[in-house]
Amino acid sequence: MPDAMKTVLVTGAAGGIGTSLRTLLKGVYGELRLTDRTVPNDLAAGEIFERADLTDLAMVERLCAGVDGIIHLGGRSVEDSWEEIHPANIVGTYNLYEAARRQGVKRVIFASTNHVVGFYRRTRRIDNQVQPRPDGRYGVSKAYGEALAAMYADKYGVASLCIRIGNYGERPIDKRRLSMWLSPRDFVQLARIGLEHPDIHFEIVYGSSHCERAWWDNATAERLGYRPLDAAEDHAAPALAATAAQPEGRIAELFIGGMFCEMEFVGDPDRIR
Ligand SMILES: NC(=O)c1ccc[n+]([C@@H]2O[C@H](COP(=O)([O-])OP(=O)(O)OC[C@H]3O[C@@H](n4cnc5c(N)ncnc54)[C@H](O)[C@@H]3O)[C@@H](O)[C@H]2O)c1
């Protein structure tokens, strides 16, 4: 399969994940094509970058020409107004899949989020078959992205791995992140499984390193060969100290989505089972 992945396009290449991914994927595929609406300020000689807005379908389609696989990171990455979420994550993700279909792209890695299942209680262990329970407009937009991924796989044969990323970073920064931290090299492992594993059609996995306190069962990722290299508990002491110093809110600490659940919350937590 790596032979079939000659050209890989990374959207959102100027963002936090995109910036580290550019280094970690160097030399793995024949051509790494990068795009974002913002020009990265640290582009190295030899890196191929084209500025584009995901809302411009014609431009996104041009970027997909000759591409075998896409790592779709571009879009609004936190909770925001509908005016921000809609163009980037609803229109933008549609354009990405439609351009991929038109250009015969084989694989898409969709950067989904734990906020798709943000309103599940932390006392429960969920798998990847549960209904979405998004904790905001951002989570809804990512649930929509997963639905697009399913439809484009089933109807048009554009295969996708949706990775519900917990929290990406060098280390888990607080107690909540001990349950969902994803190290850069473990993200690369998951993305490469998505691009290279022969059996991918439409799959959802959780994007976390080895987390003993995980609120989810990541059996699908394991079945596909994922073996996380990094363990959240190795960083437990500073993470727990950070939360002791700054505890989560009353609603945040009940649910997977944490503070995204607490934002604008006027509901009844007892009704969220
Ligand atoms: N960082 C995490 O822990 C985390 C967790 C869950 C999901 N994710 C998802 O992973 C992806 C990458 O996350 P990140 O932390 O690097 O986010 P980020 O905000 O740092 O990067 C997103 C990039 O997308 C670009 N972008 C936004 N709107 C665009 C548009 N209309 N057209 C073109 N480019 C546009 C931005 O310029 C930015 O560089 C996002 O889709 C995010 O939702 C990240």
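Quick caveat: nothing in here was measured; it's all calculated off a predicted structure.

Criteria and thresholds
Residues numbered from 1 in each chain as written. Predicted model: local features only at pLDDT ≥ 70, side-chain atom pairs only at ≥ 80, totals over all residues. Heavy atoms only, no water. Near = heavy atom within 4 Å. Polar contact = N/O pair within 3.5 Å; in protein donor to acceptor, adjacent residues only side chain to side chain. Areas by Shrake-Rupley, 256 points an atom, 1.4 Å probe, with all protein chains shown as cover. Helix = DSSP H or I, 4+ residues; strand = E, 2+ residues; numbered from the N terminus. Salt bridge = Lys/Arg side-chain N within 4 Å of Asp/Glu carboxyl O. Buried < 20%, exposed > 50% of the residue type's maximum accessible area, 1.4 Å probe, protein only. Phe/Tyr/Trp six-rings, centres within 6.5 Å; stacked < 30°, edge-to-face > 60°. Lys NZ or Arg CZ within 6 Å of the ring centre and 35° of its normal. Contact = heavy atoms within 4.5 Å.

Trainee: How do you make sense of the site of the ligand when you look at a structure like this?
Mentor: Residues in close proximity to the ligand total 25 residues, the closest being Ile17, Asp36, Ser77, Tyr138 and Lys142. Between the ligand and the protein, one listed contact pairs an oxygen atom with a backbone N or O atom of isoleucine 17 at 2.8 Å. Relative to its unbound accessible surface of 820 Å², the ligand loses 86% to contact with the protein. Every element with two or more residues in the shell around the ligand is listed here: helix 1 (16-24), strand 5 (107-113), helix 4 (137-156) and strand 7 (167-168).

Trainee: I would appreciate a short explanation of the pattern of salt bridges in the present structure.
Mentor: Should the charged atoms of two oppositely charged side chains come close, the side chains can pair. Enumeration over the complete set of coordinates arrives at 17 salt bridges. The partner of arginine 76 in a salt bridge is aspartate 80, and the shortest N-O contact between them spans 2.6 Å. Relative accessible area serves as the criterion here: at 30%, arginine 76 is assigned to the partly exposed category. With a shortest N-O distance of 3.7 Å, glutamate 79 and arginine 137 are connected by a salt bridge. In this pair, glutamate 79 is assigned in the loop between strand 4 (69-72) and helix 3 (82-102) and arginine 137 in helix 4, connecting sequence segments 58 residues apart. Look at the salt bridges and you will find they share partners, linking Glu61, Glu98, Arg101 and Arg102 into a network.

Trainee: Please clarify how the packing of aromatic side chains should be interpreted in this entry.
Mentor: To describe a pair of aromatic rings, one takes the distance between the centres and the angle between the planes. Inspection of every chain in the model, using the stated rule, returns 7 aromatic pairs. Centre to centre, the rings of tyrosine 138 and phenylalanine 260 are 6.1 Å apart; their planes meet at 70°, and the pair counts as edge-to-face. Residue tyrosine 138 is found in helix 4, and its partner phenylalanine 260 is found in helix 8 (residues 259-262); the two are separated by 122 residues along the sequence. We classify phenylalanine 260 as buried; its relative accessible area is 10%. Residues tyrosine 168 and phenylalanine 187 carry aromatic rings whose centres are separated by 5.8 Å and whose planes lie at 90° to one another, so their mutual orientation is edge-to-face. Here phenylalanine 187 lies in helix 5 (residues 184-196) and tyrosine 168 lies in strand 7, a separation of 19 residues in the sequence. In textbook terms, an aromatic cluster arises when at least three aromatic residues are bridged by ring pairs, as seen for Tyr97, Tyr152 and Tyr156. Positioned over the ring face of tyrosine 156 is arginine 101, at 5.0 Å from the centre of the ring.

Trainee: Teacher, can you tell me more about the environment of alanine 236 here?
Mentor: Here alanine 236 is to be found in helix 7 (residues 236-245). In the structure, alanine 236 is positioned 65 residues away from arginine 171 in sequence and 9.6 Å away in space, judged by C-alpha atoms. Beyond its immediate sequence surroundings of up to four residues, alanine 236 is in contact with Leu178 and Arg213.

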